[in-house]
Amino acid sequence: MPVASDVVESPGWWLQRLGKKLLDERPDSRDCDGDVTPGLDTLTKYAEGRAPLPHVPGIDPREVAEWMKDARTNWTSLVLDSPVERLGVDGFRFGGADDRDSVAADEDAHRIWRENGMKAESGLIHYGALSQRRAFVLVERGDDGRPVLTHETPRQVVVEREQGNRRKIAAGLKLWRDDWSGHTRATLWTPETIYGFVTKQETPTFSGRVASLRSWDAFALPGTKESELRNELLRVPLVDFVNRRNRRPTGFAEHEDVLTIQNRITLSLINLIAAMKYGAFRQRWAAGLEVDEDPVTGQKITPFQLDIRKLWTTEDPEVKFGEFSATDLMPYVRAVEAAVQDLAAISRTPPHYLIGAVVNVSGDALKAAETGLVAKVRDRQTGFGESWEDVMRLAFRVLGDEAKATAYDLETVWRDPESRTVSELADAAVKKASAGVPWRQRMEDMGYTPTQISRMEVDRAADALNAAPAEEPSAPSLRTIPDQDPRPVIGRRQDDDLPIAA
């Protein structure tokens, strides 16, 4: 039965609107000024090192494709991997550290984190947000009643916020291919209801406004026999992680502004390979040499084969030989180095990450070179931290704990993005101790996880108990106290030495 889509905010209307929005973001788009905005397909290709072939004048594209195998160097992967390696979540913290309820809430959040394997999945979420502008976490109730956190990509999930209120999500859609049945399925979330749809089309399309979606039909939701269920969370259970919202409200990929530089590097490397193949070997010439002709075709017969292992000789003393100078490859190498430096400056990637030449460089110089990367990572931690806190509040809502679901003193504990040695951390901890910083905070600053800190607290208590000296029970002294002589003792009193008043 076709799904009606003519009523605004109806299930079919949302399916039509969000489905079109999802599919339109995959290919490249061109604005009114002619500028091209890369789609998710293009961003994925660059992230995987499959940049498009450049146009080289005068060379067969098939030959360029062969050279591309050797010239393709994925510099954009370094731009993505560098901040992701430093985006590590160590845990969550509620309220004050001395509050027992807050400590218990920290442990509950840590349990949810470990149950869903977020120690590994969080890295995929951060990488997805940096490489594809956005990433999503879907929060659902599992069969055991515990929250289930799932990483979702913008190629399958899209959300739309309420008009005039960007903080509240009005609806969310997940569109994916069911390999078991060969159909395309969709799940639509609104704050009140969850809907399921299915179509037999392998690649569905959504056009403009239509009265009904004839190829779509209602379908049972995963794990149920109903195509429509009440949303018990009373909100769309999708949390988005948007990268660089200041560049574009819908997200801006980490490598999106260095794609042209990657193209420049690839073209320079192909030109370098062409120069190496055709111009690096010195071409020889001969003057005054009689060249024989083929009696059948009448074509000139090449007298010598150009080979580095062969020597050209002739019996004619009037023949002269010579060679052309080899092509200088340094301009091509410098062009690549200049483009790499531009890429490092724009993406704020440390130069020694890209060039790899670190000779006689002090630790302070390396730390100064990483300042831009550290600042960029801290900025991403601020935005992603708000999303992780929203995920945890939604997970506690699944458990029915409204107090924690509405606790806005929740804080994401991030791993320190700066590179520090063990001695630097230890020295800083000693100085912080003299300044009155609590022991638990010092351990957190040293990079220990909440689980490690809790275990160390138990070990510290055990070590202090073992180090305390055992108190002996009270017992009478073994030394014999002599009995006092009951007889009075005649002697001088202290006041006898005082002078007598006149």
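Structure's up top.
Residues numbered from 1 in each chain as written. Predicted model: local features only at pLDDT ≥ 70, side-chain atom pairs only at ≥ 80, totals over all residues. Heavy atoms only, no water.

A. Highlighting the overall build of the protein chain. Regarding its fold elements, the protein chain presents 15 helices and 17 strands. Buried residues in the protein chain amount to 37% of all 502 residues. Summarising the internal contacts of the protein chain: among those between residues at least 6 apart in sequence, 63% fall at separations of at least 24. Carbon and sulfur atoms make up 52% of the accessible area of the protein chain, which totals about 31,200 Å². (Helix = DSSP H or I, 4+ residues; strand = E, 2+ residues; numbered from the N terminus. Buried < 20%, exposed > 50% of the residue type's maximum accessible area, 1.4 Å probe, protein only. Contact = heavy atoms within 4.5 Å. Areas by Shrake-Rupley, 256 points an atom, 1.4 Å probe, with all protein chains shown as cover.)

B. Spatial organisation of the layout of surface pockets. The calculated volume of the largest pocket comes to roughly 930 Å³. Along its surface, the largest pocket is lined by 31 residues, and Arg161, Arg167, Asp240, Glu386 and Asp390 are the ones closest to its centre. At the level of elements, strand S8 (165–178), strand S14 (238–242) and helix H11 (371–398) are the ones that each hand at least two residues to the lining of the largest pocket. A total of eleven residues in the lining of the largest pocket trace back to one element, the largest contributor, which is H11. Here the second largest pocket defines a volume of roughly 730 Å³. In this structure, the second largest pocket is lined by 24 residues; those nearest its centre are Glu140, Arg141, Ile194, Pro222 and Leu229. The dominant element in the lining of the second largest pocket, judged by the number of residues it contributes, is strand S5 (residues 134–141), at four residues. (1 Å grid on protein atoms, 1.4 Å probe; cavity = no way out; pocket = protein on both sides within 12 Å on 5 of 7 lines; lining within 4 Å. Points joined across faces, edges and corners; volume = space filled by probe spheres on them.)

C. Seen up close, empty space enclosed by the protein. Applying the stated criterion to the full structure yields one cavity of 30 Å³ or more. In this structure, the largest cavity encloses a volume near 50 Å³. If you trace the largest cavity, you find it lined by Tyr46, Gly49, Arg50, Ala51, Arg72, Thr73, Asn74, Thr76, Gln262 and Thr266. Of the residues in the lining of the largest cavity, the class split is two nonpolar, six polar and two charged. (Nonpolar A, V, L, I, M, F, W, Y, C, P; charged D, E, K, R; others polar.)

D. Summary view of the nonpolar core. Formed by 36 residues in total, the largest nonpolar core has its most connected members in Leu149, Phe241 and Trp388. Where this core is concerned, the elements lending two or more residues are helix H4 (76–84), strand S4 (89–94), helix H5 (100–115), helix H6 (118–132), S5, S14, H11 and strand S17 (410–414). Looking at this core, the element that brings in the most residues is H11, giving ten residues. Residues contacting Phe241, with those up to four places away along its chain left out, are Ile125, Ala129, Arg133, Arg134, Ala135, Val137, Phe384, Ser387, Trp388 and Val391. With 21 residues, the next largest nonpolar core counts Val258, Ile265, Leu343 and Ala344 among its residues. (Core = buried A, V, L, I, M, F, W, Y, C linked by side-chain atoms within 4.5 Å.)

E. Expanded view of the sheet that holds strand S6 (residues 147–152). The strand order S6-S5-S14 describes an open sheet built from three strands, whose pairing is antiparallel. Each end of this open sheet is capped by a strand with a single partner; those strands are S6 and S14. Taken pair by pair, the neighbouring strands of this sheet meet at an average axis angle of 20°, ignoring direction. Where S5 and S6 come together, six bridges link them in antiparallel fashion. From the neighbouring strand, Phe136 faces S6, where its bridge partner is Glu152. This element, H6, spans S5, S6 and S14 of the sheet and lies at about 140° to S5. (Pairing = 2+ DSSP bridges. Axes fitted to C-alpha atoms, helices over the stretch in contact; angles between N-to-C directions.)

F. Broad picture of the packing of helix H7 (residues 259–278) against helix H8 (residues 330–347). Packing of H7 against H8 brings their axes to within 9 Å, and their N-to-C directions diverge by 165°. Comparing their axes, H8 and H7 come out roughly antiparallel. Judged by the twist between their axes, the crossing of H7 over H8 is left-handed. Touching Ile261, Arg264, Ile265, Ser268, Leu269, Asn271, Leu272 and Ala275 of H7 are Tyr332, Val333, Ala335, Val336, Ala339, Val340, Asp342, Leu343 and Ile346, all from H8. Taken together, the residues of the contact of H7 with H8 break down into 13 nonpolar, two polar and two charged. (Parallel < 35°, antiparallel > 145°, perpendicular 65-115°, else oblique. Left-handed = near helix turned anticlockwise from the far one by under 90°.)

G. View of unusual backbone geometry. Phi angles above zero are rare outside glycine, and Arg133 is one such case at about 75°. The topology assignment puts Arg133 in the loop between H6 and S5.

H. Representation of H7 in the model. Taking 1.5 Å of rise per residue, the 20 residues of H7 would be expected to cover 28 Å, and the 29 Å separating its terminal C-alpha atoms lies within 8% of that figure. Listed as buried for H7 are Leu259, Ile261, Gln262, Ile265, Thr266, Ser268, Leu269, Ile270, Leu272, Ile273, Ala274 and Ala275. Of the surrounding elements, those touching the buried residues of H7 are helix H2 (40–47), helix H3 (61–71), H4 and H8. (Expected span 1.5 Å × (residues − 1).)

I. Focus on the pattern of salt bridges. With the rule as written, the count across this model stands at 32 salt bridges. Between Glu162 and Lys168 there is a salt bridge, and its shortest N-O distance comes to 3.8 Å. With relative accessibility at 42%, the residue Lys168 sits in the partly exposed group. The partner of Asp257 in a salt bridge is Arg244, with the nearest N and O atoms 3.3 Å apart. Separated by 13 residues along the polypeptide, Asp257 in the loop between S14 and H7 and Arg244 in the loop between S14 and H7 bring together distant segments of the chain. (Salt bridge = Lys/Arg side-chain N within 4 Å of Asp/Glu carboxyl O.)

Everything listed here is a matter of geometry and, on its own, says nothing about what the molecule does.
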